[in-house]
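# A structural walkthrough
Listed here are the chains, written in short residue letters.
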Amino acid sequence: MPNLLIRHIKTLVQAETRPRPIAAGADMAELPVLHDAWLLLENDRIAAFGPMSNCPERADKTIDATGRLVLPSWCDSHTHIVFAATREEEFVGRIRGLSYEEIARNGGGILNSAQRLQQTPEEKLFEDAWQRLQEVIRFGTGAIEIKSGYGLSVESELKILRVIRRLKSVSPIPIKATFLGAHAIPTDFKHRRQEYVDLVVQQMIPRVAEEGLADYCDVFCDRGFFTVEETERILQAGWAHGLKPKIHANELDFSGGVQVGVANRAVSVDHLEHAGDAEIEALRAGHTLPTLLPGCSFFLGIPYAPARRLIDAGLPVVLATDYNPGSSPSGRMAFVVSLACIKMKMLPEEAINAATLNGSRAIELQDEYGSIAVGKKANLFITKPLASVAQLPYSFGNDPVETVVLNGRVWEG
Ligand code: NIG
Ligand code: FE
């Protein structure tokens, strides 16, 4: 495979000479950059980089990146891109005054998506999810996590996870799969919730593990969804079958989700729109990453997570899209980075660290993705002309991506 040289890069962003496993606290504001740089890719890997004063003279293929930035691909560590239908009728209902929780209590929300998914053939689910995956790759995502959770029955949860497995087989980017059988209590189990938890623990988790369909186990631990006790039981069953926890916590209330996630050694606890001193203390005492999803706050009009407080407490914040039909119907990481700066007062450097390096750590791919470092996979993007790193989040809603490079080659889509 030929090598590829990118020359005259205005700023090579997240270029690490000493790769860091993560950026936490004050270090989140440290974003290593190299101005007027070159980057050499060999096969599917990053081979070398440096200042233009010592640029290699020859390469099989060269790209001129004058006036442009080069960034490692975004790592989107929290999505639900396998779903049957969009939910714009609920969006209009919310404009008219209903809340997300009221819609859910009336059988809309996740239950609406589950009903639609159960009626949709696997082939159609795959085709639609594959389109969404290609869409987010065009937006600069180069590693992704995808959850089940719109099945809510043994067969339908397995159906989604098999779709994810099929996506893995065609995807140019790595995919991590998460089992989210405990996303909502299905209508049939409304008055027998304990039996649904039994079903998740006794049937779904063993089947998912047996077929090797998931890397992680998720629970929506929040008001009106799953309790702390139910969450703990499910996470422990997951661990017993080799599935690490990675959970939804504290979106709707101070649910205890952060604490139960940390206590059960979750890789990450995601959402955290309701997080205060107790949650921050729990996170500081453990190794669980706080993942923030500002697209959800923006779309639902709920509070933003306290990113500043988490960073100032020394924690490594992660950013992800939560791409799903109910609370965040967008997979555009650049917009999430803008929201993090505009609404959560993260510095551009902090937001980019959260969306690249820390995102890779949240799906345990930090050895291969998340930064421009020699030996890592060559997944990156070249921006349109930009004056500075800060101009990327500043130009909110714009698509900064001009050229996507995956596995060392320009991705034509
Ligand atoms: O991360 N909060 C729980 N799950 C998703 C939304 C699911 C839906 O509304 O379809 C989320 O926001
Ligand atoms: Fe989610």
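Residues numbered from 1 in each chain as written. Chains lettered and ligands numbered in written order. Predicted model: local features only at pLDDT ≥ 70, side-chain atom pairs only at ≥ 80, totals over all residues. Heavy atoms only, no water.

Right, let's talk about the overall build of the chain for a bit. Helix and strand content of the chain: 15 helices and 17 strands. Taken against the 2.2 N^0.38 rule, which gives 22 Å for 413 residues, the C-alpha radius of gyration of the chain at 21 Å falls within 12% of a compact globule. Viewed in the frame of its principal axes, the chain has a C-alpha envelope of about 70 × 45 × 45 Å. A burial count over the chain gives 62% of its 413 residues as buried. In the chain, 74% of the contacts between residues at least 6 apart in sequence involve partners at least 24 apart. Within the chain, the 51 negative side-chain charges are centred at a point lying 3 Å from the centre of the 43 positive side-chain charges. (Helix = DSSP H or I, 4+ residues; strand = E, 2+ residues; numbered from the N terminus. Rg over C-alpha atoms; globule rule 2.2 N^0.38 Å. Buried < 20%, exposed > 50% of the residue type's maximum accessible area, 1.4 Å probe, protein only. Contact = heavy atoms within 4.5 Å. Lys, Arg positive; Asp, Glu negative; His and termini not counted. Charge placed at Lys NZ, Arg CZ, Asp CG, Glu CD.)

In the vicinity of ligand 1 there are 15 residues, among which Tyr 100, Tyr 150, His 183, Glu 251 and Ser 327 approach most closely. Side-chain polar atom of His 80 to an oxygen atom of ligand 1: 3.5 Å apart, as the coordinates give it. Measuring from a nitrogen atom of ligand 1, one finds a side-chain N or O atom of His 183 at 2.8 Å. When isolated, ligand 1 has an accessible area of 330 Å², and the protein chains bury 100% of it. Considering only residue class, the shell around ligand 1 consists of 4 nonpolar, 8 polar and 3 charged. (Near = heavy atom within 4 Å. Polar contact = N/O pair within 3.5 Å; in protein donor to acceptor, adjacent residues only side chain to side chain. Areas by Shrake-Rupley, 256 points an atom, 1.4 Å probe, with all protein chains shown as cover. Nonpolar A, V, L, I, M, F, W, Y, C, P; charged D, E, K, R; others polar.)

The phi torsion at His 8 lies on the positive side, around 55 degrees, for a residue other than glycine. Summarising the element assignment, His 8 is placed in strand S1 (residues 4-13). Looking at His 8, the relative accessible area reads 33%, which means it is partly exposed. In this structure, Asn 250 is a non-glycine residue whose phi angle is positive, near 60 degrees. By the secondary structure assignment, Asn 250 is in the loop between strand S11 (247-249) and helix H8 (257-263).

Here we come to the packing of aromatic side chains. Overall, the coordinates contain 6 aromatic pairs when judged by the stated rule. Over the ring of Trp 239 we find Arg 265; its NZ or CZ atom is 4.4 Å from the centre of that ring. (Phe/Tyr/Trp six-rings, centres within 6.5 Å; stacked < 30°, edge-to-face > 60°. Lys NZ or Arg CZ within 6 Å of the ring centre and 35° of its normal.)

On to the domain arrangement of the chain. By the assigned domains, the chain splits into domain 1 (4-72 + 368-410) and domain 2 (75-362). Here the C-alpha centre of domain 2 lies 29 Å away from the C-alpha centre of domain 1. Domain 1 puts 35 residues into the contact, and the matching count from domain 2 is 35 residues. Taking both partners together, domain 1 and domain 2 bury about 2600 Å²; carbon and sulfur atoms supply 69% of that area. In this structure, the connection of domain 1 to domain 2 is made through 1 salt bridge. Its salt-bridge partner being Asp 399, residue Arg 332 comes within 4.0 Å of it at the nearest N-O pair. Along the contact surface separating domain 1 from domain 2 lie 13 residue pairs in polar contact (both at pLDDT 80 or more). Of all elements in the fold, only strand S5 (68-72), helix H15 (391-394) and strand S16 (401-406) reach the threshold of two or more residues within the side of domain 1 that touches domain 2. When residues in the side of domain 1 that touches domain 2 are grouped by element, the largest group, 3 residues, is from S16. (Domains from an automatic or database assignment. Buried area = accessible area lost by both parts, 1.4 Å probe. Salt bridge = Lys/Arg side-chain N within 4 Å of Asp/Glu carboxyl O.)

Right, let's talk about the packing of helix H12 (residues 333-344) against helix H13 (residues 348-355) for a bit. The axes of two packed helices give the description: the angle between them and the distance between them. Contact geometry for H12 and H13: axes closest at 9 Å, N-to-C directions at 140 degrees. When the interaxial angle is binned, H12 and H13 end up oblique. The way H12 lies across H13 gives a crossing that is right-handed. Of H13, the residues touching H12 (which contributes Met 333, Val 337, Ala 340 and Cys 341) are Pro 348, Ala 351, Ile 352 and Ala 355. Residues that form the contact of H12 with H13 fall into these classes: 8 nonpolar, no polar and no charged. (Axes fitted to C-alpha atoms, helices over the stretch in contact; angles between N-to-C directions. Parallel < 35°, antiparallel > 145°, perpendicular 65-115°, else oblique. Left-handed = near helix turned anticlockwise from the far one by under 90°.)

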